[in-house]
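Take a look at the letters that make up each chain.
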Amino acid sequence: MNIILLGLPGSGKGTQSEFISNKQNIPHISTGSLFRKADQDGTELGLVARQYTAKGELVPDEITIGIALERLDQDDCSQGFLLDGFPRNLAQAEALNQYAAARNKMIDHVIYIETDEALLLERLIGRRVCPACGKTFHLMNHPPQIDGQCDYCSAKLIQRADDSEETVKERLKVNRRLTDRLVEYYDSKSVLRTVSGSKEIHELSEDIAELLQRD
């Protein structure tokens, strides 16, 4: 099964991606993991991407698309994949569509986690992340067992610089514009499935599981 997961920052995409990947036994491919692996492997595109990520800049579409499609050609994606963060815009969506069509594949589901922006703001401001293993916590909704310490690797948790209220509001505005366009694009192709991101984590997981089983 080939799945794309859409949602604004704070919608729970990371948690639900892990859930879907395990349930469907397909690789979870995020934009961040794409760039890290390409960089570690020393691929030509990975080295180019590093020049942008090292400066905190967005990687150009043609580089992102190239790295993503190279990843999808790997053996572990032959029985399906879950994309998280790619495609980011319509140009990337069209490139993915052309890639799939050329290989007689299709995107089975585009799952959109729709979440109220006031709730997203609350979630993101309270978010703490582990710089070592990447696990995410929340001061109110999912606090660590020991204050300020990762449950998984004991590293000191941090608040990302882009999790300040002013920065979060701007980030949500930009991502809303991009996500809305992708939602319209995939809705027009009759593969969009919308779930509520305002629910508890386990309830949202149950909704997604039911959706995948039903379709």
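In case you missed it, the structure is sitting above this.
I'd like a description of helix α7 (residues 165-188), backed by residues and values.
The end-to-end C-alpha distance of α7, which contains 24 residues, comes to 34 Å, matching closely the 34 Å that a straight helix rising 1.5 Å per residue would cover. Every buried residue of α7 is listed here: Val168, Arg171, Leu172, Asn175, Leu178, Thr179, Leu182, Val183, Tyr185 and Tyr186. Buried positions along α7 lie against β1 (2-7), α5 (90-102), β4 (109-114), α6 (117-125), β5 (127-129) and β7 (192-196). A positive backbone phi angle near 60° is found at Ser190, which sits one or two residues after α7.

Would you mind going over the nonpolar core in detail, with residue names and values included?
By size, the foremost hydrophobic cluster in this structure holds 31 residues, and its most contacted members are Ile4, Leu6, Leu72, Leu83, Leu96, Val110 and Tyr186. Sorting the residues of this core by element identifies β1, α2 (31-41), α4 (61-72), β3 (81-84), α5, β4 and α7 as the ones contributing at least two each. Of all the elements, α4 adds the most residues to this core, at six residues. Beyond its immediate stretch of four places on either side in the chain, Leu83 contacts Ile3, Ile4, Leu5, Ile29, Leu72 and Leu96.

Please give an account of unusual backbone geometry that cites residues and values.
In this structure, the amide linkage connecting Phe86 to the following residue, Pro87, adopts the cis form with an omega of 0°. Not every positive phi belongs to a glycine, and Asn104 is a case in point at roughly 55°. Counting through the fold element by element, Asn104 comes out in the loop between α5 and β4. Positive phi values are uncommon outside glycine, yet Ser190 reaches one of about 60°. Here Ser190 is to be found in the loop between α7 and β7. In this structure Ser190 comes out as exposed when scored by relative accessible area, which is 57%.

Break down the pattern of salt bridges for me, with residues and values.
For side chains bearing opposite charge, pairing can occur when the charged atoms are close. Across all of its chains, the model carries 13 salt bridges by this definition. Close ionic contact of Asp41 with Lys37 constitutes a salt bridge, the shortest N to O distance being 2.7 Å. Taken together, the residues Asp41 and Lys37, both in helix α2 and four residues apart, mark about one turn of the helix. On the basis of relative accessibility, which here comes to 46%, the residue Asp41 falls in the partly exposed class. Via salt bridges that share partners, Glu117, Arg176 and Asp180 belong to a single interconnected network.

Definitions and limits used
The residue numbers shown here count from 1 along each chain, following its written sequence. Residue-level local features of this predicted model are given only where pLDDT is at least 70; pairs of side-chain atoms are given and counted only at 80 or more, and the full residue set underlies all totals for whole chains, interfaces and linings. Hydrogens and water molecules were not included; the side-chain quantities draw on all heavy atoms of the structure. Per the convention used, a helix needs a DSSP run of H or I reaching at least four residues, while a strand needs a run of E reaching at least two, with both numbered from the N terminus. Expected span of a helix, by definition, is 1.5 Å for each gap between consecutive residues, and there is one gap fewer than residues. The classification of residues rests on relative accessible area computed with a 1.4 Å probe and restricted to protein chains. Under 20% of the type maximum is buried, over 50% is exposed, and intermediate values are partly exposed. Throughout, a contact is declared for two residues whenever any of their heavy atoms are within 4.5 Å. Note on terminology: a nonpolar core comprises buried Ala, Val, Leu, Ile, Met, Phe, Trp, Tyr and Cys residues joined through side-chain atoms within 4.5 Å. When a carboxyl oxygen of Asp or Glu lies within 4 Å of a side-chain nitrogen of Lys or Arg, that pair is called a salt bridge.

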